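Chain by chain, the residues:
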Amino acid sequence: ETAVFQTPNYHVTQVGNEVSFNCKQTLGHDTMYWYKQDSKKLLKIMFSYNNKQLIVNETVPRRFSPQSSDKAHLNLRIKSVEPEDSAVYLCASSCYWGSAETLYFGSGTRLTVL
Amino acid sequence: SQWGEENLQALSIQEGEDVTMNCSYKTYTTVVHWYRQDSGRGPALIILIRSNEREKRSGRLRATLDTSSQSSSLSITAAQCEDTAVYFCATDCSGGSNYKLTFGKGTLLTVTP
């Protein structure tokens, strides 16, 4: 049963454009994340939000910015996309902030930059 | 091993066989997560083993953890076609407020009839 919803499923755009991805979780969790998955399936954390507060900001380019209106929503904006941004962006949530907490992932947004 | 590899590992087995996937990690962890990712979906947790456990079982799955060698394994007994997926281990890189869950490179397991 899907409880982390991401839109859109796919997005194709050109270099230099701005894109936004949406994520909503209906689990009542306090913490949400954005991960980037490349073509080799490597998963790298980009951002973590705990109850709307940014707690981990990995070394990602400044053109990426997370946006949260409440603890159930975490969007991702890319101001000026580049070819290396082509990837699957996965949103996840966990009940609390902690190492033993299960991550619940959405199905991802596949971004293709031409 | 899922760490230190450039490319996604691939394993292909036949239905009914047993398979073991290994994961080694570089820093202390309090827990090892194992996730599976089906095509077109996000990863989903299948088993979690804590640093004070040496073994954990869940149905046909068995996870082990050796903190002295900083390694974990996931075994699937009598694999079925529906076990075809990418499997990841994930560890936390230090505790406290700087906690983050870091995923290994992953293993693509293909189970054929």
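Parameters and conventions
- Residues numbered from 1 in each chain as written.
- Chains lettered and ligands numbered in written order.
- Predicted model: local features only at pLDDT ≥ 70, side-chain atom pairs only at ≥ 80, totals over all residues.
- Heavy atoms only, no water.
- Salt bridge = Lys/Arg side-chain N within 4 Å of Asp/Glu carboxyl O.
- Helix = DSSP H or I, 4+ residues; strand = E, 2+ residues; numbered from the N terminus.
- Buried < 20%, exposed > 50% of the residue type's maximum accessible area, 1.4 Å probe, protein only.
- Phe/Tyr/Trp six-rings, centres within 6.5 Å; stacked < 30°, edge-to-face > 60°.
- Polar contact = N/O pair within 3.5 Å; in protein donor to acceptor, adjacent residues only side chain to side chain.
- Contact = heavy atoms within 4.5 Å.
- Buried area = accessible area lost by both parts, 1.4 Å probe.
- Pairing = 2+ DSSP bridges.
- Axes fitted to C-alpha atoms, helices over the stretch in contact; angles between N-to-C directions.

**Student:** Any chance you could explain the pattern of salt bridges here in plain terms?
**Tutor:** Two side chains carrying opposite charge are able to pair once their charged atoms lie near each other. Residue and element names in this part refer to chain A. What the rule picks out here adds up to nine salt bridges over all chains. We note a salt bridge from K71 to D30, for which the minimum N-O separation is 2.9 Å. In this pair, K71 sits in the loop between β7 (64-70) and β8 (73-78) while D30 sits in the loop between β3 (19-25) and β4 (31-37), placing the two residues 41 residues apart along the sequence. The partly exposed category is assigned to K71, whose relative accessible area is 35%. The shortest N-O distance in the salt bridge between E82 and R63 comes to 3.7 Å. Pair noted here: E82 is in the loop between β8 and β9 (87-94) and R63 is in the loop between β6 (53-57) and β7, with a separation of 19 residues, a long-range link. Among the charged side chains, a network of salt bridges with common partners joins R63, E82, E84 and D85.

**Student:** So what exactly am I meant to see when it comes to unusual backbone geometry here?
**Tutor:** Excluding glycine, most residues fall at negative phi; most peptide bonds, likewise, are trans. All names here are of chain A. The omega angle of the peptide bond from T7 to P8 is -5 degrees, so this bond is cis rather than trans. Position of P8 relative to the elements: it lies in the loop between β1 (4-7) and β2 (10-13). Although it is not a glycine, K41 adopts a positive phi angle of roughly 75 degrees. With respect to the helices and strands, K41 occurs in the loop between β4 and β5 (43-50). In this structure K41 comes out as partly exposed when scored by relative accessible area, which is 28%.

**Student:** Just checking my understanding: could you explain the packing of aromatic side chains for this structure?
**Tutor:** This model, assessed by the stated rule, comprises nine aromatic pairs over all chains. Their ring planes at 45 degrees and their centres at 6.4 Å tell us that Y33(A) and Y35(A) sit as a pair that is tilted. Grouping residues by exposure puts Y33(A) and Y35(A) together as buried. Between F105(A) and F103(B), the ring centres sit 6.1 Å apart and the planes meet at 75 degrees, which makes this aromatic pair edge-to-face. One end of the pair, F105(A), is in strand β10 (residues 104-105); the other, F103(B), is in strand β9 (residues 101-103), on a second chain. Like F103(B), F105(A) is buried. An aromatic cluster is present here, built from Y33(A), Y35(A), F105(A), Y35(B), F88(B) and F103(B) joined pairwise through their rings.

**Student:** Sorry if this is basic, but what is going on with the side chain of T64(B) here?
**Tutor:** Mapping T64(B) onto the fold places it in strand β6 (residues 61-66). In this structure the side chain of T64(B) is engaged in a polar contact, spanning 2.5 Å, whose partner is the side chain of S73(B).

**Student:** Help me understand the interface of chain B and chain A, please; the structure alone is not making it clear to me.
**Tutor:** By a widely used convention, the size of an interface equals the accessible area lost when the partners come together. Listed by partner, the interface residues are 25 residues for chain B and 22 residues for chain A. Roughly 1,900 Å² is buried in total at the junction of chain B and chain A, and carbon and sulfur atoms are behind 55% of that figure. Linking chain B to chain A there are zero salt bridges. Our enumeration of links across chain B and chain A arrives at four residue pairs in polar contact (both at pLDDT 80 or more). Breaking the side of chain B that touches chain A down by element, the ones donating at least two residues are β3 (31-37), β4 (44-50), β8 (85-92) and β9 of chain B. With four residues, β3(B) is the largest single contributor of residues to the side of chain B that touches chain A.

**Student:** What is the right way to look at the sheet that holds strand β7 (residues 71-76) of chain B in this model?
**Tutor:** Remark on secondary structure: sheet strands pair via backbone hydrogen bonds, oriented parallel or antiparallel. Residues and elements named next belong to chain B. An order of β2-β7-β6-β5 is seen for the four strands of this open sheet, with the pairing classed as antiparallel. Each edge of the open sheet carries a strand with a single partner, namely β2 (19-24) and β5 (55-58). Strand-to-strand twist across the sheet, computed as the mean angle between neighbouring axes with direction ignored, equals 15 degrees. By the bridge criterion, four bridges tie β5 to β6 in an arrangement that is antiparallel. In the sheet register, E55 faces β6, and the bridge partner there is T64.

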